[in-house]
Amino acid sequence: MNIKINQASSLTHPSPTTTTAMACSSALLRHHPTLLHHTPKPHSPKLCSTPNQLNPHQSLKLSWKQELIKTFPKEKPCTPDPNLLNTDDIIEMDEEKLEEMVDKRCVDNVRMLILDSVNHAKAGHPGMALGMAEVGFYLYRHVMKFNPENPGWFNRDRFVLSAGHGCLLQYVCLHLAGFQSVQIEDLQRLCKLGSRTPGHPENVVTDGIERVAFCLGPLGQGVANAVGLALAEAHLAARFNKPDAVIVDHRTFCIMGDGCAMEGIAHEAASLAAHWKLNKLMLIYDDNQNTIDGGTDLAFSENISARFEALGWNTITVNDIHENIRSFKNALQDAFNETGKPTFIRVKTVIGKLSKKEGTSKAHHGTFDEDDTRHMRARVCWDDREPFHVIPMLYKEMKAKAESGKLLEKKWLSKLNYFQSKYPDEAAQFKLLLSGGMVPGWEYSLPTWSTSDPLDATRGYSEKCLNNLAKLLPGLIGGSADLATSNKAYLHGYEDFQQPKSPWGRNIRYGVREHAMAGISNGMALHGSGLIPFAATFLTFSDYMKNAIRLSALSHAGVIYIMTHDSIGLGEDGPTHQPVEQLAGLRAVPRLLVFRPADGNETAGAYKVAVANRDRPSLIALSRQKVAANIEGTSADAVERGGYIVSDNSGNSLPELILIGTGSELCLCEGSADALRKEGNKVRVVSLVCWRLFDMQLEEYKENALPSCVAKRMSVEAGSPIGWREYVGDRGMVVGVTDFGRSGAYLDTFQEFGFTEENVTKIARSLLNS
């Protein structure tokens, strides 16, 4: 139902003022009362006799009535449902009832496309998709604003499928809604290699899979992503909206399942959403009471609605969506009227609806045998339809919705032009953000250091970089998981994001919620508004965040992860806080850029690369202990190569030994090299600040830095030795940490594990003499 109400609580959006725009909707008839006035009361003989005399709206309505009569013949109903309408009922029904019946028939079609897709692919997850067909269809047909011809329109509503295994429902809805990225042929290639309909949604594969529905599969991640989207909308609305020019105004819809409800990240994110009063966030819970292993009563017995209410959400329950789709509409209307809280809508559904497996965990994934397929098709009178059939009028319904979306975008562009003319300064910054948020020459704001500058930890150099960048990059926004003072990750002078006090603030207080922080950052990064999120904590706590960091890389989300206390060198907090294996695991994540800068120069270089790469995440590992601001030979510009020569006394000849270091251990390499050079040795020192960037260089460059004919190489890093063998070779030495750390002053801990200039020199000397 398209109800035209005020902007703040709009359930749907105004349609074009054409008779074809919102066919079969009572809203259209209210906009055009003459259609009702001039439409004769239909009688059975007249249904097929005068189609040429009807306008497009009346013709479409007639076609739907014919479809419904064919579907529900009086003499042979498809099911023994006493409430089933007969031919006379259909002919005489009013507009509101007709629309409800049309919606039901459209949902039948959605379910049949789901059935055909999994059977054709012989793979997939149809259970949730079948159970939530009413929700998916209603959102795409009647509620969300979008333009399929421009999937990236900024002011569209956002949709996140946290229960990513139900992606087939979204693929079907995208196809019906007119998105070119999902054709019938794509539904027929479900889960196939190289298809645009993979087994779980991927935003980099399928347009319309919300630029932020991301690559979802791990349950609960989408809830945090949705919170990030809603935060971005609230933040930008506070910064740019004017009483006479509201240019940021969209909602975020997220579907979650029982698995999402059990995952901790969803609880963390939901707690923050309520704390931040993100009232334009709608979380729709598919309560089908089943997981893969069986019923949810195996391991899940809490009152989920009570939990969300306790967190501070507006909670609504829909008990009868399969019988009464309007109950979902009413729930959404209540949600849209809420102005101070996010809304949790619990929708009780039947997993695998229509199948003989419905209501059981067996419906979660897999295909349907021939008998069950016949059974399902018969239940919705689909026996005579070919696979992948779409009722022609359904395409027309969705085309009308697409036209409405195009008009909404056109009106928004007109409003944006007005905003630009009246508020040129704010408009310039807004347009800058929409174009990526990168001010020309922003990199020159990064600080530089000299060898005479006082010592500081690389986390301290990072703080200076962040705050300098914030002055030129209007989209830089982020925070820490209750460690802002330790991480040195706070933008001074930019306030905290809080509603209603300061939603324009660019510092985000996440509390002790590392996992949600990463997932929320992914949402902001892919909001499409030029925001550059950073997320900070201790490196060892990256383990809490690992799955979300992985999804950053998979989804091409340019989050900047700031990880301080990067080694056993943090000292007194002991082995629980001293990372060892974390760097190795993070370096293994495809596409993720992991930096471990040695000084102020390399820290600035890491930020330069991280900010410039808006389609991949970066992680900057920073020290707690102090290091030189400018190690002679380091270079901010050289960081983009990943590895480079810091010093070498070999002249035109090859070095006898290559020392390779990162982070605070690079200075140990330099000190050792000096000692060895005094003994007459030719020694080169290489900084390998980012392995992945170095690996991406041309072979000629890599060979120049690490000549293959120089077999005597040694790496020095206060972390796991895993991975270093590739750079030192079979005859090289790896100085690393193979056990957990120790509690003690950092110099004592370093000495305990052999990270001293004397020990490094001793090992290097033995390698030279071997």
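Here we summarise the structure given alongside this text.

## Focus on the overall build of the protein chain
Point 1. Broken down by element type, the protein chain carries 29 helices and 20 strands.
Point 2. In the protein chain, which comprises 770 residues, the proportion classed as buried is 61%.
Point 3. Relative to all contacts within the protein chain whose residues are 6 or more apart in sequence, the contacts with residues 24 or more apart total 76%.

## Comments concerning helix H23 (residues 600–612)
Every α-helix carries 3.6 residues per turn, so stepping three or four residues along brings you back to the same face.
Point 1. With 13 residues, H23 extends 18 Å from end C-alpha to end C-alpha; this agrees with the ideal 18 Å at 1.5 Å per step.
Point 2. With 11 of 13 residues buried, H23 is to be regarded as a mostly interior element.
Point 3. Taken together, the buried positions of H23 are Gly 600, Asn 601, Glu 602, Thr 603, Ala 604, Gly 605, Ala 606, Tyr 607, Val 609, Ala 610 and Val 611.
Point 4. Put simply, Asp 599 is the residue that caps the front of H23, since its side-chain oxygen is 3.2 Å from the backbone nitrogen of Asn 601.

## Some remarks on the pattern of salt bridges
Point 1. A complete count under the given rule lists 32 salt bridges for this structure.
Point 2. In this structure, the salt-bridge partner of Asp 249 is Lys 280, at a minimum N-O distance of 2.5 Å. With Asp 249 in the loop between helix H10 (221–240) and strand E2 (252–256) and Lys 280 in the loop between helix H12 (264–275) and strand E3 (281–287), this pair connects stretches of sequence that are 31 residues apart.
Point 3. When its relative accessible area of 9% is taken as the criterion, Asp 249 is described as buried.
Point 4. Taking the shortest distance from any N to any O, the salt bridge between Lys 702 and Glu 699 comes out at 3.0 Å. Residue Lys 702 and its partner Glu 699 are located together in helix H26 (residues 699–705), separated by three residues, close to a single helical turn.

## Details of the side chain of Thr 564
Point 1. Secondary-structure assignment places Thr 564 in strand E12 (residues 560–564).
Point 2. What makes Thr 564 buried here is its relative accessible area of 0%.
Point 3. At 2.8 Å, the side chain of Thr 564 forms a polar contact with the side chain of Asn 487.
Point 4. In contact with Thr 564, other than residues within four places in its own chain, are Arg 459, Ser 486, Asn 487, Thr 537, Phe 538, Leu 539 and Leu 622.

## Considerations on the pairing of strand E14 (residues 618–621)
Point 1. Going residue by residue along E14, you find Ser 618 and Ile 620 tucked away on one face and Leu 619 and Ala 621 tucked away on the opposite face as well.
Point 2. One ladder, built from four bridges, connects E12 with E14; its direction is parallel. The partner of Met 563 across the bridge, within E14, is Ala 621.
Point 3. Strand direction decides the pairing type here: strand E13 (residues 593–595) and E14, joined by three bridges, are parallel. Its bridge partner lying in E14, Leu 593 is registered against Ser 618.
Point 4. Between the parallel pair E13 and E14, the chain is carried across by H23, and the sense of this crossover is right-handed.

## Some words on the packing of aromatic side chains
Point 1. Inspection of every chain in the model, using the stated rule, returns 26 aromatic pairs.
Point 2. Residues Trp 276 and Tyr 510 carry aromatic rings whose centres are separated by 6.0 Å and whose planes lie at 70° to one another, so their mutual orientation is edge-to-face. Taken together, the residues Trp 276 in the loop between H12 and E3 and Tyr 510 in the loop between strand E10 (507–509) and helix H20 (514–525) connect sequence positions 234 residues apart.
Point 3. Taking the relative accessible area as the measure of exposure, Trp 276 reaches 2% and is therefore buried.
Point 4. Members of the aromatic cluster, connected to one another through ring pairs, are Trp 153, Phe 154, Phe 240, Trp 412, Phe 419, Tyr 423 and Phe 430.
Point 5. When the ring centre of Phe 154 is taken as reference, the NZ or CZ atom of Arg 158 above it lies at 5.5 Å.
Point 6. A cation sits over an aromatic face here: Lys 242 above Tyr 423, 5.2 Å from the ring centre.

## Topic: helix H8 (residues 167–177)
Point 1. Taking burial as the measure, the 11 residues of H8 include 11 buried ones, the bulk of the element.
Point 2. All of the buried residues in H8 are Cys 167, Leu 168, Leu 169, Gln 170, Tyr 171, Val 172, Cys 173, Leu 174, His 175, Leu 176 and Ala 177.
Point 3. Considering only its buried residues, H8 is in contact with helix H5 (95–121), helix H6 (126–131), helix H7 (133–143), strand E1 (158–161), helix H9 (184–187) and helix H16 (392–422).
Point 4. Where H8 terminates, the next one or two residues include Gly 178, which has phi positive at roughly 100°.

Rules used in this analysis
- Residues numbered from 1 in each chain as written.
- Predicted model: local features only at pLDDT ≥ 70, side-chain atom pairs only at ≥ 80, totals over all residues.
- Heavy atoms only, no water.
- Helix = DSSP H or I, 4+ residues; strand = E, 2+ residues; numbered from the N terminus.
- Buried < 20%, exposed > 50% of the residue type's maximum accessible area, 1.4 Å probe, protein only.
- Contact = heavy atoms within 4.5 Å.
- Expected span 1.5 Å × (residues − 1).
- Polar contact = N/O pair within 3.5 Å; in protein donor to acceptor, adjacent residues only side chain to side chain.
- Salt bridge = Lys/Arg side-chain N within 4 Å of Asp/Glu carboxyl O.
- Pairing = 2+ DSSP bridges.
- Right-handed = clockwise from strand over helix to strand, strands pointing away.
- Phe/Tyr/Trp six-rings, centres within 6.5 Å; stacked < 30°, edge-to-face > 60°.
- Lys NZ or Arg CZ within 6 Å of the ring centre and 35° of its normal.

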